[in-house]
Amino acid sequence: GATLEAGALESRGDAEYDGFYARTQSGQRAISAKAGISPLSAWRSQLSVGTYLDVADNYYTDNTLGSSIETRRETAGWQNDFTLAEKQIVTAGLDALTEEVGGTIAYSETKRDNTAGYLQYLGEFGAVSLQLGGRRDHSSDYGDTNTGQAVLGVRLSPTLRLTAAHGTAFKAPTFNDLYWPADSYTYSGITYISVGNPALLPEESRSSEIGLDYRPAAQLQLLLNAFQTDIRNLIGWNTTQTAPDTYTTMPENISQAHIDGVE
C-alpha cells in the first residue's frame, strides 16, 4: 500500500520587448517528491517535499545586463487522512515554506518563512454533504493568521444539487511589493521612480458563494454560481506626484474592495 512519486520540470525562455528592458532570459526548475503509507486501514499518511527555482535576467536595448533576479522556494508538508466511518474523513497536516530572493537587486530583506497547521472534516449524510476546514499560519513577516471555510451541499432531486460556501483567506505581499529598492529613469524632463513599501499589510478576504448544479442527462450539465468577496488591504501599485517633475510608483493598501459576480 505504499506509494512514491517524484517529478522534475526544467523550463527556459527568451523574450524580446519593445520597452525599457529589451530582452529577458528566464528559467524555472521544480523538483518534488511525495511518499504515502497506510499505518492502519483507517489512516493514510503522506509526506511531500519540493524545491523551486526561478531566474530572470533583464537586458537593456544595448544588450547589457540591467538586472538579475533569482527566487528560491523550499516546501515540505505532512498530511494525514483518517476515515471515521463510511463517507466521513478528517484530514490534519502541517506545511512549511521558505522563500529567498537574490541576484543584482539589493533587497533590504531576502528571506522569509511560513509554517502552518490545518484541520478539515468531510462528511456525507444521505442528500447532504458537509466540508469544514481551518488553518493557522505563522509568518516571519506578519505573525499568526487564521483562515477557514465551510461548504454545504444539498441534493434537491436526482438531477439538481444546491451548494453554499463561506470562507476567509489572506495573501502576503511579494518581495517586490515590500522591498523593491528605489530605481528611476528620466524621460522628457520627468523622473519616474518605482519603490517597494515595507509597511504593507497582507490582503484579507471573506468570500461567500451559492450555486446550482443541474444534470438533466448523462451528457448535459448546467452550472450557475453567484459569489461575493470583500477584501481588506487590497494591494495595488499607485502613482503619485512627489515633486514638480517627479512621479513615484509604489504599492499601497486599499482599505476596502468589493467583488461580486455570476458565472
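Above this text you will find the structure in question.
The structure reproduced in this document is the subject of the present report. Computed from a predicted structure; not experimentally measured.

## Side note on the overall build of the protein
Right, so step 1: Summing up its helical and strand segments, the protein has 1 helix and 14 strands in all.
Right, so step 2: By residue count, 24% of the 263 residues in the protein fall in the buried class.
Right, so step 3: The contacts in the protein between residues at least 6 apart in sequence include a share of 49% that link residues at least 24 apart.
Right, so step 4: Here the protein displays about 16,400 Å² of accessible surface, and carbon together with sulfur accounts for 56% of that area.

## Here's the deal with the nonpolar core
Right, so step 1: Ranked by size, the top nonpolar core spans 10 residues in total: Ile69, Val101, Ile105, Tyr107, Phe175, Leu178, Tyr179, Trp180, Leu200 and Ile235.
Right, so step 2: With 3 residues, helix H1 (residues 175–179) is the single largest residue contributor to this core.
Right, so step 3: Among residues more than four places away in sequence, those in contact with Tyr179 are Tyr107, Ser108, Glu109, Asp141, Gly196 and Pro198.

## Digging into the pattern of salt bridges
Right, so step 1: If you walk through the whole model with that rule in mind, you get 13 salt bridges.
Right, so step 2: Put simply, Arg72 and Glu70 hold a salt bridge, and the shortest N to O gap is 3.9 Å.
Right, so step 3: By relative accessible area, Arg72 is classed as partly exposed at 34%.
Right, so step 4: For Lys87, the salt bridge is made with Glu124, and the minimal N-O distance between the two is 3.7 Å. With Lys87 in the loop between strand S4 (65–85) and strand S5 (88–103) and Glu124 in strand S6 (residues 111–125), this pair connects stretches of sequence that are 37 residues apart.
Right, so step 5: When salt bridges that share partners are traced, they join Arg73, Glu99, Arg112 and Asp141 into one network.

## Side note on the packing of aromatic side chains
Right, so step 1: Under the defined criterion, the tally for this structure stands at 6 aromatic pairs.
Right, so step 2: Pairing Trp43 with Phe82 gives two aromatic rings, centres 5.8 Å apart and planes at 20°, and the pair type is stacked. Of the two residues, Trp43 sits in strand S3 (residues 43–59) while Phe82 sits in strand S4, which places them 39 residues apart along the sequence.
Right, so step 3: When its relative accessible area of 26% is taken as the criterion, Trp43 is described as partly exposed.
Right, so step 4: When the ring of Phe175 is compared with that of Tyr179, the centres are 6.2 Å apart and the planes differ by 45°; the resulting orientation is tilted.

What counts, and at which threshold
Residues numbered from 1 in each chain as written. Predicted model: local features only at pLDDT ≥ 70, side-chain atom pairs only at ≥ 80, totals over all residues. Heavy atoms only, no water. Helix = DSSP H or I, 4+ residues; strand = E, 2+ residues; numbered from the N terminus. Buried < 20%, exposed > 50% of the residue type's maximum accessible area, 1.4 Å probe, protein only. Contact = heavy atoms within 4.5 Å. Areas by Shrake-Rupley, 256 points an atom, 1.4 Å probe, with all protein chains shown as cover. Core = buried A, V, L, I, M, F, W, Y, C linked by side-chain atoms within 4.5 Å. Salt bridge = Lys/Arg side-chain N within 4 Å of Asp/Glu carboxyl O. Phe/Tyr/Trp six-rings, centres within 6.5 Å; stacked < 30°, edge-to-face > 60°.

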